[in-house]
Structure formats: C-alpha cells, structure tokens
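Notes for the structure review
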Amino acid sequence: MESTDFLSTVLPTQGKYCIFALKGDLRKNIFVDTVESLQATAEDMSAQGVRAYFAMATFDDTGSRKVESARHIRALFMDLDCGWLEDKQVWKAFHSKKDAVQALDAFLKATGLDTLGSPWLVDSGMGVHVHWPLAVEVTIEEWLPVARAMKAAASHFGFPIDETVTDDAARVLGIPGTNNCKYDPPKPVLLRHRGDVFALSDIAGKLTGYAPKTPQVNRVSSEQALLGPKPNAPTAAIATALA
C-alpha cells in the first residue's frame, strides 16, 4: 500500500504508465492503465528475478517509451550513485547512502530548496533516488526547463548527481516494494522518507540563474490550492536510515 501511495504521488493521473523489465537479454517496456497494475506487475516480475523499473512520465498510445511519446510528468528527480564499483575498482559518486543524503542536504540549503520542504527518498539498493512530487502534473515542455535548471544547479555546487537522469523525461527508476535483482543476493528497493508535495513554480523560482533561461510557470494558483503548509523536515536527520 505504501508503494502504491508513493507511485500515485509522483506519477501523473493521465496517460499510459510504463514498466521497464530487464533480465539477461530481456529488455521490454510494458504499458498499463493504472498505478495499481503497474505496482502489481512490477512485484510479480521482481519475484521472478526480473529487474522492474517505472517510467517517471506517462505516454501516448504508440507503445513507445521514447521522449517524443512522453506526455505528462509529475515530479523532479535525481539519482545519487553510491558504493564501490568492483569491475572498475573505483568509488561511485558517494561512498555510502548516508554520505549521499548529507550532500543532498547541503545542496538543498545552498539553493534554498530546503525552505520548500523535503523531497521523498527511495533506497534503490546501492543508491538513493530523490523525488520532488508536484501538486499538478505538467507537460514535458513545462517540466524540462526546470529539470535542466536543477541539473545545472547541481553542477554549479559540485553536487555529483547522475547527470543523465534529471532532465530525461523517459527515465525509469526503482519501484519501492520490489528487489534490485542486479545484485546477488537481490537488494530491496525501499521508500525511506515520505516528503512533501511541491509547486513547480516554487522550485523554478529557487533555481533562477542556474540555467540559460529561467522557466516561466503559470500554474501558481492551481498548485497552491492543492498545497498545504510547507513543512521543512531536515533531510540530514534521515541520513542514518540510509547508512
């Protein structure tokens, strides 16, 4: 139930939802009509040793997960890579998930994003996925300038996110309630922190100056009508849960 609640918070309410299945040579996009179907299908696949991910956007009826087919999106997001990369004998961006969350906290304070509330955190098994759910789903065209500004801000402050993720509208990420079967034994994907819900215009305002063009978002009234008070839970306080 908690996982379905998470998906319902970060995903749009219209369009086709997509699960990306990965096992050996298998690479398959599976489209479903509801969040409940997405969760159930992903959990069934995970039980069979299939790596199951969900697309952050919803799509049209063409059966394609290309960016061109993405229609709506309802969150900003980051991927923080952690741990030792055995095949290359190097550390990833962060030694531990605790280090990643502490660096995230510093980034939020540097940008002022901390004043808007705290993002949701998912333990992907060997990393941290960070989500800023939006009160109102938006088009890809509305979302993209803000996502690019977020990415540029991370670069400006030396915050080493996975730069291929944040402004990719067709991105897939881990689903709480499944297992990351990339590892042996598999590692559970867990929702570690329930955060707040945000207005895209508020986030855009904090990121002014970090991208060539400041995004203009004219959704303030509808977003603010859905948003309550903006609690500011210190992100660093939950870092120990991700150690």
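Residues numbered from 1 in each chain as written. Predicted model: local features only at pLDDT ≥ 70, side-chain atom pairs only at ≥ 80, totals over all residues. Heavy atoms only, no water.

The omega torsion of the bond from Asp184 to Pro185 falls at 0°, within 30 degrees of zero and hence cis. Here Gln89, not a glycine, exhibits a phi torsion of approximately 55°, which is positive. With respect to the helices, strands and loops of the structure, Gln89 is situated in the loop between strand S6 (84-85) and strand S7 (90-91). Judged by relative accessible area, Gln89 falls into the partly exposed class, the value being 46%. (Helix = DSSP H or I, 4+ residues; strand = E, 2+ residues; numbered from the N terminus. Buried < 20%, exposed > 50% of the residue type's maximum accessible area, 1.4 Å probe, protein only.)

The subject of this paragraph is helix H1 (residues 2-10). For H1, the full list of buried residues reads Ser3, Thr4, Phe6, Leu7, Thr9 and Val10. Those residues of H1 that are buried are in contact with helix H2 (35-47), strand S3 (51-55), strand S5 (70-81), strand S8 (120-123), strand S9 (127-139) and strand S13 (190-193). (Contact = heavy atoms within 4.5 Å.)

This brings us to the pattern of salt bridges. A full pass over the atoms with the stated rule returns 8 salt bridges. The structure contains a network of salt bridges with shared partners spanning Lys97, Asp123 and Arg192. (Salt bridge = Lys/Arg side-chain N within 4 Å of Asp/Glu carboxyl O.)

The subject of this paragraph is the nonpolar core. Of all hydrophobic cores here, the largest spans 72 residues; its most connected members are Phe54, Met78, Leu80, Trp132 and Ile203. Tallying contributions element by element places helix H4 (residues 140-156) first for this core, with 8 residues. Residues contacting Phe54, with those up to four places away along its chain left out, are Phe6, Leu7, Val10, Leu11, Cys18, Leu38, His131, Arg171, Val172, Leu173, Gly174 and Ile175. (Core = buried A, V, L, I, M, F, W, Y, C linked by side-chain atoms within 4.5 Å.)

Our next topic: the packing of H1 against H2. Across the interface, H1 lies against H2 with an axial gap of 10 Å and an inter-helix angle of 130°. When the axis of H1 is compared with that of H2, the two are oblique. Crossing angle aside, the handedness with which H1 passes H2 is right-handed. Counted together, Ser3, Thr4, Leu7 and Ser8 of H1 and Val35, Glu36, Leu38 and Gln39 of H2 form the full contact between these two elements. Here the contact of H1 with H2 is composed, by residue class, of 3 nonpolar, 4 polar and 1 charged. (Axes fitted to C-alpha atoms, helices over the stretch in contact; angles between N-to-C directions. Parallel < 35°, antiparallel > 145°, perpendicular 65-115°, else oblique. Left-handed = near helix turned anticlockwise from the far one by under 90°. Nonpolar A, V, L, I, M, F, W, Y, C, P; charged D, E, K, R; others polar.)

Glancing now at the layout of surface pockets. Estimates place the volume of the largest pocket at around 570 Å³. Lining the largest pocket are 28 residues, with Tyr53, Asp79, Asp81, His129 and Lys182 sitting closest to its centre. Those elements that place two or more of their residues in the lining of the largest pocket are strand S1 (17-23), S3, S5, S9, strand S10 (172-174) and strand S11 (179-180). Class assignment for the residues of the lining of the largest pocket results in 12 nonpolar, 7 polar and 9 charged. (1 Å grid on protein atoms, 1.4 Å probe; cavity = no way out; pocket = protein on both sides within 12 Å on 5 of 7 lines; lining within 4 Å. Points joined across faces, edges and corners; volume = space filled by probe spheres on them.)

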